Amino acid sequence: MREREAYHHGALPEALVAAAFEVLDEHGQEKVSVREVARRAGVSAGAPFRHFADRQALLTALADRVLADFVRWQEAQVAAAEAVGGSAMRALGLGFVRYAMHHPRRFELVRSRVFTATRDPELRERLEGIDRVFTGLIVADQQTGRLGPGDPELVLLSGQALVYGLAQMIVDGYLPAAKAEELVVQVLDTFRQGIANSPEK
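In what follows, the accompanying structure is described. A quick note: this is a predicted structure, and the numbers were derived from the prediction, not measured.

Scoring rules and cut-offs
Residues numbered from 1 in each chain as written. Predicted model: local features only at pLDDT ≥ 70, side-chain atom pairs only at ≥ 80, totals over all residues. Heavy atoms only, no water. Helix = DSSP H or I, 4+ residues; strand = E, 2+ residues; numbered from the N terminus. Buried < 20%, exposed > 50% of the residue type's maximum accessible area, 1.4 Å probe, protein only. Contact = heavy atoms within 4.5 Å. Areas by Shrake-Rupley, 256 points an atom, 1.4 Å probe, with all protein chains shown as cover. Lys, Arg positive; Asp, Glu negative; His and termini not counted. Charge placed at Lys NZ, Arg CZ, Asp CG, Glu CD. 1 Å grid on protein atoms, 1.4 Å probe; cavity = no way out; pocket = protein on both sides within 12 Å on 5 of 7 lines; lining within 4 Å. Points joined across faces, edges and corners; volume = space filled by probe spheres on them. Phe/Tyr/Trp six-rings, centres within 6.5 Å; stacked < 30°, edge-to-face > 60°. Core = buried A, V, L, I, M, F, W, Y, C linked by side-chain atoms within 4.5 Å. Expected span 1.5 Å × (residues − 1). Nonpolar A, V, L, I, M, F, W, Y, C, P; charged D, E, K, R; others polar.

The next point concerns the overall build of the chain. Across its full length, the chain carries nine helices and zero strands. Each helix and strand of the chain, placed in order from N terminus to C terminus, yields the pattern α-α-α-α-α-α-α-α-α. The C-alpha extent of the chain, read off along each of the three principal axes, is 65 × 35 × 35 Å. By residue count, 41% of the 201 residues in the chain fall in the buried class. For the chain, the share of sequence-separated contacts (at least 6 apart) that also reach a separation of at least 24 residues comes to 65%. Of the roughly 11200 Å² that the chain leaves accessible, carbon and sulfur atoms contribute 54%. Distance between charge centres in the chain, computed from 24 positive and 27 negative side chains, equals 4 Å.

This model, assessed by the stated rule, comprises one cavity of 30 Å³ or more. By volume, the largest cavity is sized at about 460 Å³. The wall of the largest cavity is formed by 29 residues, among which Phe70, Phe96, Phe134, Gln160 and Val163 lie closest to the centre. Listed by contribution, the elements that provide at least two residues to the lining of the largest cavity are helix 4 (55-83), helix 5 (88-102), helix 6 (104-114), helix 7 (124-143), helix 8 (152-171) and helix 9 (177-195).

Our focus in this paragraph is the packing of aromatic side chains. The tally for this structure, following the rule as stated, stands at seven aromatic pairs. Aromatic pair Trp73 and Tyr99: ring centres 5.4 Å apart, planes at 80°, arrangement edge-to-face. Residue Trp73 is found in helix 4, and its partner Tyr99 is found in helix 5; the two are separated by 26 residues along the sequence. Here Trp73 falls in the partly exposed class, since its relative accessible area comes to 21%. Its relative accessible area of 4% is what places Tyr99 among the buried residues. Ring centres 6.2 Å apart and planes at 85° place the aromatic pair Phe96 and Phe107 in the edge-to-face group. Placement of the pair is Phe96 in helix 5 and Phe107 in helix 6, with a sequence separation of 11 residues. The class of Phe96 is buried, set by a relative accessible area of 12%.

Below, the discussion takes up the nonpolar core. Among the nonpolar cores identified, the biggest contains 56 residues, and Val32 and Leu62 are the most heavily contacted of them. For this core, the secondary structure elements donating two or more residues are helix 2 (12-27), helix 3 (34-41), helix 4, helix 5, helix 6, helix 7, helix 8 and helix 9. For this core, the leading source of residues is helix 4, giving 10 residues. Among residues more than four places away in sequence, those in contact with Leu62 are Val17, Ala20, Phe21, Leu24, Val32 and Leu109.

So, on to helix 2. With 16 residues, helix 2 should reach 22 Å at 1.5 Å per residue; the first-to-last C-alpha distance of 22 Å fits that figure. Taken together, the buried positions of helix 2 are Leu12, Ala15, Leu16, Val17, Ala18, Ala19, Ala20, Phe21, Val23 and Leu24. Where helix 2 ends, the next residue or the one after it, Gly28, has phi of about 95°, a positive value.

Of the volumes computed, that of the largest pocket is approximately 160 Å³. Lining the largest pocket are Val71, Gln74, Glu75, Val78, Glu125, Arg126, Gly129, Ile130, Val133, Phe134 and Leu137. In terms of residue count, the dominant contributor to the lining of the largest pocket is helix 7 (seven residues). The residue inventory of the lining of the largest pocket, partitioned by class, reads six nonpolar, two polar and three charged.

Interpretation in functional terms is not warranted from these geometric data alone.
In structure tokens, the structure reads:
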């Protein structure tokens, strides 16, 4: 509501993205249309085009909003883990899968805009920032001895591939939702043990 009130003070783009977020969570990205978003924001059907060239531009802005929400979610997961001396990398992996389980439609949007052959240029800065932060957390785990030595970017890519696959299998129903988190914890711990302080060959 605060964002919609802000529109009346000139914050139309924010109001439109907030409305698009509502549609996404309720119905998925297929139902996110410029017309529906304008209706929910309480503006004319043509008003969004002053800020977004087309539906794809609106979806890109929405994906950026979802990524920002995802970062806040992951920050909370890591903070909770670190408060009890846990691994940041384990928290990131579990947080990724939990986010997909709680917000499958947001996960689908990110999957379709980020995990593709070509990323939206408008999302590049956000994604590069996420990679830097997550790589830094892996380095911190290595420095404390929770993880063994190795290229942190490759560790990040390996972990990302693992949790992305797990998240997709859960969202698709391949893994039973009732046992999904238990299985994810077991898989993540197996992966982490495989790279933790193993002797170099």
